[in-house]
Amino acid sequence: QVQLVESGGGLVQAGGSLRLSCAASGSDSSILFGGWYRQAPGLQRELVASIIIGGSTIYADSVKGRFTISRVNIKRTVYLQMNSLNPEDTAVYYCGMGLRAAKPEYWGQGTQVTVSS
């Protein structure tokens, strides 16, 4: 019912910045949060940041102080501003939306972020 499309990934040098966008089409009134996840080759997908309807945010320890999640409407567009990027941030980043951050009902296709030294 809901389709998510990520954009904004690319190649950036260490210390640089990128802003990822997640655009949602369709509608599901049960959606309470939007989040960003990432997965490096051979590793599990992990939660990077999430934001809920009330505006509360959660960040992985590894990105606190560097990444900021925001939204105009949690059910339409969610952003991830990434600053001070380092090579360890290299991964495919996925947008997710749903009732629980642990298992989003909807996923985007992913966007590659590569940070060079």
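Before any of the text, the structure's been laid out above.
Residue numbers restart at each chain and count upward from 1, following the sequence in its written direction. Local features in this predicted model are restricted to residues of pLDDT 70 or higher, and side-chain atom pairs are both shown and tallied only at a pLDDT of 80 or more, whereas totals for entire chains, interfaces and linings draw on every residue. Where side-chain values are given, they derive from all heavy atoms of the structure, hydrogens and water being excluded.

Trainee: How should the nonpolar core be read in this particular structure?
Mentor: Burial of nonpolar side chains together is a common tendency in soluble globular proteins. Throughout this description, the term nonpolar core refers to a set of buried Ala, Val, Leu, Ile, Met, Phe, Trp, Tyr and Cys residues connected via side-chain atoms within 4.5 Å. When a residue's accessible area, from a 1.4 Å probe over protein chains only, is under 20% of the maximum for its type it is buried; when over 50% it is exposed; and in between it is partly exposed. One finds Trp36, Leu80, Met82 and Tyr93 to be the most contacted residues of the largest nonpolar core, which totals 28 residues. Contributing elements (two or more residues each) for this core: β3 (18-25), β5 (46-52), β7 (67-73), β8 (77-82), β9 (91-98) and β11 (111-116). Put simply, DSSP marks the helices as runs of H or I at least four residues long and the strands as runs of E at least two long, and each gets a number from the N terminus on.

Trainee: Just checking my understanding: could you explain the state of the cysteines for this structure?
Mentor: Joining two cysteines, a disulfide is a covalent bond between their sulfur atoms. Note on terminology: pairs of cysteine sulfur atoms within 2.5 Å are recorded as disulfides. For the structure on display, the rule yields 1 disulfide. Across the disulfide from cysteine 22 sits cysteine 95; the S-S distance is 2.0 Å. Looking down the S-S bond of the cysteine 22 and cysteine 95 bridge, the torsion is -80°, so its handedness is left-handed. Taken together, the residues cysteine 22 in strand β3 and cysteine 95 in strand β9 connect sequence positions 73 residues apart. Each member of the pair cysteine 22 and cysteine 95 is classed as buried.

Trainee: What is the right way to read the pattern of salt bridges from this model?
Mentor: For side chains of opposite charge, pairing can occur when their charged atoms come near one another. Salt bridges are counted wherever a side-chain nitrogen of Lys or Arg sits within 4 Å of a carboxyl oxygen of Asp or Glu. Evaluation of the coordinates by the stated rule reveals 4 salt bridges. Aspartate 89 serves as the salt-bridge partner of arginine 38, at 2.9 Å between the closest nitrogen and oxygen. Taken together, the positions of arginine 38 in strand β4 (residues 33-39) and aspartate 89 in the loop between β8 and β9 put the pair 51 residues apart, joining distant regions of the chain. In this structure arginine 38 comes out as buried when scored by relative accessible area, which is 7%. For aspartate 89, a relative accessible area of 1% gives the class buried. Between aspartate 61 and lysine 64 there is a salt bridge whose closest N-O contact spans 3.0 Å. Each member of the pair, aspartate 61 as well as lysine 64, is classed as exposed. What you see here is one network of salt bridges that share partners, running through Arg38, Glu46, Arg66 and Asp89.

Trainee: Would you take a moment to explain the packing of aromatic side chains for this structure?
Mentor: Two descriptors summarise a pair of aromatic rings, namely the distance from one centre to the other and the angle between the planes of the rings. Aromatic pairs are defined between Phe, Tyr and Trp rings, using the six-membered ring for Trp, whenever the two ring centres lie within 6.5 Å; interplanar angles under 30 degrees are classed as stacked, those over 60 as edge-to-face, and all others as tilted. The final tally for this structure, using the stated rule, is 2 aromatic pairs. Each ring, one from tyrosine 37 and one from tryptophan 107, has its centre 4.8 Å from the other, and the planes form 65°; the classification is edge-to-face. Placement of tyrosine 37 in strand β4 and of tryptophan 107 in strand β10 (residues 106-107) is noted, with a sequence separation of 70 residues between them. Assessed through its relative accessible area of 5%, tyrosine 37 is described here as buried. Overall, tryptophan 107 belongs to the partly exposed group, its relative accessible area being 33%. Centre to centre, the rings of tyrosine 94 and tryptophan 107 are 6.4 Å apart; their planes meet at 90°, and the pair counts as edge-to-face.

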